[in-house]
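Breakdown of the fold
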Amino acid sequence: MPERAADPVESYLARFGLTAFRPGQGPVIATVVAGRDCLCVMPTGGGKSLCYQLPALVLNGLTLVVSPLIALMKDQVDQLTALGLPVSFINSTLPLAEQYARLEATAAGRYRLLYVVPERFRSARFLEAVRAADLKLLAVDEAHCISEWGHDFRPDYARLGHVRHLLGRPTTIALTATATDAVRRDIIEQLDLDQPRTFITGFARDNLHYAVRAPRGRGEKERMLIEFVRQTPGAGIIYTSTRKSAEAVAESVAGGTGRRATVYHAGLTGDVRRAAQEAFMDGRVEIVAATTAFGMGIDKRDVRFVVHYNLPGTLEAYYQEAGRAGRDGLPSRCLFLYSAADRYIQEYFIESAFPAPEIVRGVYEHLCRLTDDPIQLTQQEIKERMGLKIAAEGIGTCEQLLESAGVLERLVASQNMAAVRLDSELPTLVDLLPRRATTRRRVLQAVERLVGPRRNELVYFHPRGLAEPLGLDPAALGAALRELTGLTSFTYLPPFRGRAIRMLRRDVPFEQLDIDFAALDRRKAAEREKLQRIIDFARSRTCRQQEILHYFGEEDARPCGHCDNCDRSRGSRGRPTHLAAAAGSSVIAARSGDETPRTTTGRVPGEESADPRFTRLVRIALSGVARATGRMRCGKTLVAQMLCGSASERMKKLGMDQLSTFGLLGRLAQSDVIALLEGLVEAGYLVQEEVTPRRPTLRLTEEGTAVMKGDAALDTSVFLERDLRARLLRGVAAVEDRAAPPSKPETASQDGRAAVPETRPLAAKAPSSEPGPTVCPDAGSGELAPTGDHQPPHYWTWRLLLAGFDLAQAAAIRRLPAEVILEHALAAAESGWPVRAEQCLDAETIGRLAAALGEPLPADGQALDRRLGALPAPMRQPARLYAITRRWSDVPG
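Please read these numbers as outputs of a predicted model, since none were measured by experiment.

What about the overall build of the chain?
Across its full length, the chain holds 36 helices and 24 strands. Among the 893 residues that make up the chain, the fraction classed as buried is 54%. Partitioning the intrachain contacts of the chain with sequence separation of at least 6 by distance along the chain shows that 72% fall at a separation of at least 24. Only carbon and sulfur atoms are counted for the fraction: they give 50% of the accessible area of the chain, which is about 39100 Å².

Put into structure tokens, the structure is as follows:
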């Protein structure tokens, strides 16, 4: 039930068209009206705005609202003006004359609410106007921007604590929808709030069904998305991480579902973005595929679903974006399509947002070499000129750091006007000019009249408006103004379009710049931690909503009972019990302390994953990683190629074909082995590390090493798609040597490297019409094992080849000539046992045989025999071995 308002503020609710407070609003408003500082953490759509708008009417004076969002600012002012409230805003979208008029109205006390961006406090004239007003309340919206641990840190926000002191420490309310415990503490400290009360409320959204699915590859992700959109009627937002992806998704959804879709991202013109937003808001378009540029200030009540097609950068961003669904209180769906590979996009964004010192140095030195004033290059143009591998936004960060170091200033065009600044407190600068410089003296006098008391700030003007009273043409005026820049306290900026940079110093060595790279590294580490937190959320097996509430500080939160994980924890296999719209979700599960048995649509429960054959398969994969990474840094693709026995030259060049695990999973598709390795990363047995940017390498964890060695059981929380696991187990037939004595998992090889566990490697029986080794089920192991204690001589050679030894090594071990080992290999191959020609024949021989036998090999056995018979006698035996193994490799699956 809504919280009833209490006197004396209850009567003011009617001014907003309301009769009752939403949960949490009443105590916050009462605290503010009582004159006490507070921090309010409330989700988007939870009613934060009323927490300062209503007190602005109760308090007899000015409420100053600091907001970073110009578009949202205008929307709120329009809504409040329509209600008849005395409210306004001041920002760069207004003509200068209008800005000055509103400053005068502020000083005269005509407004109860005034919205500004934090950069506005740079203006001494603005501070004077606010001091003249009766400031009762300072409201800092999006307060997480104050903290360097927040996801959208802005330096001008960080100066608000100082500004607050300049304004006489008014009662202050800080508001945010996304603040962790560290951010909350930082907000309070930076603003120097006086014993503030902290309110955290409203994050539970009982009408939202959160679900995570883990597609394997781009194709499956697209199919999942199309299926979801087909099943879910109503308006929806699909968030992507890049502009290109947004465009591709919009096209795919429209084509795959027949529903109307549009695209929205920052790369589109303002008119195109505005048209897309309006079409979505009024229902002419049902679905919008967008980057995070879409949604701030969007209040469409009937959004029925939000999809995260790519990994969001933080849990805050995920919750805020997902929270745009179901604001009308009706059941709505939030689907997160989690792909581990998406993390590299976010890591690229993090690297760009926090550039390394050498990149900042490069940008500084490049700008110093340019002679233009101002420098009118976009961030993208600077990036391309320098050939940098960071996002264009990273150039913006470099400029921001250099501006804070005092060597440049960033400029924003003001309707293509010129600008001047006088950085001197002298009554006049005219006396600094020679008397014969009559034109410059006249121009300088006109400039001083124009600037008036606004010293030390840029004052914009139209050149023609200044030139005509002086009887000068614009060209002559421009020449005189450029000459005046010879005065150290005079700055002139000619008209320019878009953004620009003015270099203040070019003579300071980079090493002497005051840039705190240690602080930058701390913020980068914090962002990486946040990225890991959203990954952990995607892999979690606990209640989705409970995890979100805990993250935002609601420690007493209980399981919601209706997210995908809650559905499965109670045995539900498909449809959530109370949300008719939320059908058939599945979730990626990861290792955690919650061992509640559950099943998952389309996934294999961990209890089934404990199959001994699957355990052996996992141990071989882990051992492959251990052996491969013992030689060099390897990514999952290289390890999969080694385990599958790739015949590529790269394998030989790197010596990967000499590993004992080479080819042990040779009958599995390489893509399936990669998926298995990804699953082991998700389960915590492997980790991917970026030693080189965007080139992740694998490494065993302690848990993975223990499972590989047999010192720990495979955790039952390892989840794989059901069809993937089935393919893995179909593609392998474990062969056990019953004649061999029982073995214990090997702990380490003599050279100290991690060793393959003696689990009797998994081998695939090649297709053959001829009988292979006689096998029967071994009830004790669950494997298929050869029967009989007496095996033919070629069997023991084949076992050595199967373990990864080549022909020469097998000959040395068995103390037999190489010719005999080759005969054994051929006999094994002809018996239908898997043998790789690369173990028995060198690359040169294989090349000659490939050329002699031609492509493709005849499918007909008699035709193949005719080709073999045409070869010289010494080549026939190796050719037959090559032909048999080659035909096996051509068989799919």
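Section: the sheet that holds strand β12 (residues 303-308)
Judged by pairing direction, the sheet is parallel, and its six strands sit side by side in the order β8-β13-β12-β9-β11-β10 without closing on themselves. The open sheet has two free edges, formed respectively by β8 (208-213) and β10 (261-264), since each of these has just one partner strand. In this sheet, adjacent strand axes meet at a mean angle of 15 degrees when their direction is disregarded. The pairing of strand β9 (residues 235-239) with β12 spans five bridges and is classified as parallel.

What about the pattern of salt bridges?
With the rule as written, the count across this model stands at 31 salt bridges. With its nearest N and O atoms 2.5 Å apart, the salt bridge here joins R159 to D156. Using a relative accessible area of 42% as the deciding quantity, one classes R159 as partly exposed. Owing to a relative accessible area of 6%, D156 belongs among the buried residues under this scheme. A salt bridge links D564 to R544, with the nearest nitrogen and oxygen atoms 3.0 Å apart. Remark: R544 occurs in helix α21 (residues 544-551) and D564 occurs in helix α22 (residues 564-569); sequence separation between them is 20 residues. By relative accessible area, which is 0% here, D564 ends up buried. For R544, a relative accessible area of 1% gives the class buried. One network of salt bridges, in which partners are shared, links R343, E347, E351, K524 and R528.

Quick look at the packing of helix α30 (residues 793-802) against helix α31 (residues 807-814)
For the pair α30 and α31, the least separation of the axes is 9 Å and the interaxial angle reads 130 degrees. As the angle between them shows, α30 and α31 are arranged oblique. Relative to α31, α30 is oriented so that their crossing is right-handed. Between α30, through P793, W796, T797, L800 and L801, and α31, the contact on the second element is made entirely by L807, A810, I813 and R814. The residue inventory of the contact of α30 with α31, partitioned by class, reads seven nonpolar, one polar and one charged.

Side note on helix α17 (residues 438-451)
With 14 residues, α17 extends 20 Å between its outermost C-alpha atoms, agreeing within 8% with the 20 Å of an ideal straight helix rising 1.5 Å per residue. Among the residues making up α17, those that are buried are R441, V443, L444, A446, V447, E448 and V451. Buried residues in α17 make contact with β15 (418-422), β16 (459-461), α18 (463-470), α19 (474-484) and β17 (490-493). Just beyond α17, the residue with positive phi is G452, at close to 60 degrees.

Regarding the sheet that holds β17
Reading across the sheet, the three strands line up as β16-β15-β17 and stay open at both edges, with antiparallel pairing between neighbours. Both outer strands of the open sheet, β16 and β17, are each paired with one neighbouring strand and no more. With strand direction ignored, the average angle separating the axes of adjacent strands in the sheet is 20 degrees. Two strands pair when backbone bridges link them, and β15 and β16 are joined in this way by three bridges, in the antiparallel orientation. Across the sheet, V420 pairs through a bridge with V459, a residue of β16. The strands touched by α19 within the sheet are β15, β16 and β17, with β17 carrying the most contacts at an inclination of about 140 degrees.

Some points on the state of the cysteines
Counted according to the given criterion, the structure contains zero disulfides. The thiol of C563 is unpaired, and the distance to the nearest cysteine sulfur, on C566, comes to 3.7 Å. Judged by its relative accessible area of 0%, C563 falls in the buried class.

Quick word on the nonpolar core
Ranked by size, the top nonpolar core spans 133 residues in total, and within it L64, F121, Y318, L481 and F490 carry the most contacts. Top element by residues in this core is helix α20 (residues 517-539). It accounts for seven residues. In this structure, A640, L665, V673 and V707 belong to the second largest nonpolar core, which totals 41 residues.

Cut-offs applied
Residues numbered from 1 in each chain as written. Predicted model: local features only at pLDDT ≥ 70, side-chain atom pairs only at ≥ 80, totals over all residues. Heavy atoms only, no water. Helix = DSSP H or I, 4+ residues; strand = E, 2+ residues; numbered from the N terminus. Buried < 20%, exposed > 50% of the residue type's maximum accessible area, 1.4 Å probe, protein only. Contact = heavy atoms within 4.5 Å. Areas by Shrake-Rupley, 256 points an atom, 1.4 Å probe, with all protein chains shown as cover. Pairing = 2+ DSSP bridges. Axes fitted to C-alpha atoms, helices over the stretch in contact; angles between N-to-C directions. Salt bridge = Lys/Arg side-chain N within 4 Å of Asp/Glu carboxyl O. Parallel < 35°, antiparallel > 145°, perpendicular 65-115°, else oblique. Left-handed = near helix turned anticlockwise from the far one by under 90°. Nonpolar A, V, L, I, M, F, W, Y, C, P; charged D, E, K, R; others polar. Expected span 1.5 Å × (residues − 1). Disulfide = S-S within 2.5 Å. Core = buried A, V, L, I, M, F, W, Y, C linked by side-chain atoms within 4.5 Å.

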